[in-house]
Amino acid sequence: GSRPCIFFTICWKYISPLLLIIIFLVTFVQNMMAAPSYNVYTGCLPATPDVCAGGSYTLAGTAPGWLIVIGAVLPIPLFMILERNSEPNKAEFLKSILNSVGRTGSTIWRRSSGTESG
């Protein structure tokens, strides 16, 4: 195949991961500042306002949800770091970082001419 255009390269490498990290952090901070809450149920009677008030979920209610989220999200950067820092890949990892910022004359910022083999 051929290399994707610069728009998709930038989106996949920088914009999408950045947005996902921001969404995760904002959600985490919002839930730490104010616990998630629930509203009244449909069958509430006006004579019982204390039952109709709703309330906040306890730590025992939110902790399993956060453990599931962290268990699903954390392995992605963790395994990337472990794989990239394994002994055979250290030099390639540093080279790929330098290439991505354009320090070694990489073709990552230019459209492929189609003459490269790879």
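Right above here is the structure, for reference.
Since this is a predicted model, take the numbers as computed values, not measurements.

K.L.:
I would appreciate a short explanation of the overall build of the chain in the present structure.
P.N.:
Scanning the chain from N- to C-terminus turns up five helices and two strands. Starting at the N terminus, the α and β elements of the chain follow one another as α-β-α-β-α-α-α. Among the 118 residues that make up the chain, the fraction classed as buried is 8%. Restricting to contacts in the chain with at least 6 residues of sequence separation, those with at least 24 account for 37%. Carbon and sulfur atoms form 68% of the exposed surface of the chain, whose accessible area is close to 9,800 Å².

K.L.:
Help me understand the packing of helix α3 (residues 59-73) against helix α4 (residues 75-84) in this model?
P.N.:
Contact pair α3 / α4: the axes reach a minimum separation of 5 Å and the direction vectors enclose 30°. It follows that α3 is roughly parallel to α4 by the angle criterion. Taking contact as the criterion, the partners of Ile70, Gly71, Ala72 and Val73 in α3 are, on α4, Pro75, Ile76 and Pro77. The residue inventory of the contact of α3 with α4, partitioned by class, reads six nonpolar, one polar and no charged.

K.L.:
Help me understand the packing of aromatic side chains, please; the structure alone is not making it clear to me.
P.N.:
The relation between two aromatic rings is expressed through the spacing of the ring centres and the mutual angle of the planes. If you walk through the whole model with that rule in mind, you get five aromatic pairs. Plain terms: the ring middles of phenylalanine 7 and phenylalanine 8 are 5.2 Å apart, the flat faces sit at 75° to each other, and that makes the pair edge-to-face. Ring geometry for phenylalanine 24 and tryptophan 66: centres 6.1 Å apart, planes at 75°, overall edge-to-face. Of this pair, phenylalanine 24 sits in helix α1 (residues 6-33) while tryptophan 66 sits in helix α3, placing them 42 residues apart in sequence.

K.L.:
Quick question: what am I supposed to make of the state of the cysteines here?
P.N.:
With the rule as written, the count across this model stands at zero disulfides. Cysteine cysteine 5 remains unbridged, with the sulfur of cysteine 11 as its closest cysteine sulfur at 8.5 Å. For cysteine 5, a relative accessible area of 23% corresponds to the partly exposed category. With a relative accessible area of 15%, cysteine 11 lands in the buried category.

K.L.:
Can you help me understand the side chain of threonine 9 in this one?
P.N.:
Within the fold, threonine 9 resides in helix α1. Owing to a relative accessible area of 15%, threonine 9 belongs among the buried residues under this scheme. A distance of 3.2 Å separates a polar atom in the side chain of threonine 9 from the backbone oxygen of cysteine 5.

K.L.:
Can you walk me through a nonpolar patch on the surface in this structure?
P.N.:
A cluster of nonpolar residues, Tyr14, Ile15, Leu18, Leu19, Ile22, Ile23 and Val26, forms a patch on the protein surface that exposes about 630 Å² of accessible area. Assignment of secondary structure puts isoleucine 23 in helix α1. You can call isoleucine 23 exposed: its relative accessible area is 53%.

Procedures and definitions
- All residue numbers refer to position in the chain's written sequence, counted from 1.
- Only residues with pLDDT of 70 or above have their local features reported here, since the model is predicted, and side-chain atom pairs are shown and tallied only from 80 upward, although totals for entire chains, interfaces and linings are computed over all residues.
- As a rule here, side-chain values cover all heavy atoms of the structure and leave hydrogens and water aside.
- Secondary structure elements follow DSSP: runs of H or I no shorter than four residues count as helices, runs of E no shorter than two count as strands, and numbering proceeds from the N terminus.
- Only protein chains enter the calculation, and the probe is 1.4 Å; a residue is then buried if its accessible area is under 20% of its type maximum, exposed if over 50%, and partly exposed in between.
- Contacts between residues were defined by any pair of non-hydrogen atoms, one from each residue, lying within 4.5 Å.
- The Shrake-Rupley method, run with a 1.4 Å probe, gives the accessible areas here. Residue values count only the displayed protein chains as cover.
- Here an axis means a line fitted to C-alpha atoms, over the contact stretch when the element is a helix, while the angle between two N-to-C directions is reported on a 0 to 180 degree scale.
- Comment on the angle field: the value is read as roughly parallel under 35 degrees, roughly antiparallel over 145, roughly perpendicular from 65 to 115, and oblique elsewhere.
- Residue classes follow a fixed rule: Ala, Val, Leu, Ile, Met, Phe, Trp, Tyr, Cys and Pro count as nonpolar, while Asp, Glu, Lys and Arg count as charged, and any other residue, Gly among them, counts as polar.
- Pairing of aromatic rings covers Phe, Tyr and Trp, the last counted by its six-membered ring, and requires centre-to-centre distances within 6.5 Å; plane angles under 30 degrees mean stacked, over 60 mean edge-to-face, and any other angle means tilted.
- For the purposes of this analysis, a disulfide is any pair of cysteine sulfur atoms at a distance within 2.5 Å.
- For this analysis, a polar contact is any N or O atom pair within 3.5 Å, provided that within protein one partner can donate a hydrogen and the other can accept it, and provided that sequence-adjacent residues contribute only side-chain to side-chain pairs.
- Patch members must show over 30% relative accessible area and no salt bridge, and they are joined within 9 Å when carrying like charges or within 5 Å when they are nonpolar side chains of Val, Leu, Ile, Met, Phe, Trp or Tyr.
- In the sections that follow, a salt bridge refers to a side-chain nitrogen of Lys or Arg positioned within 4 Å of a carboxyl oxygen of Asp or Glu.

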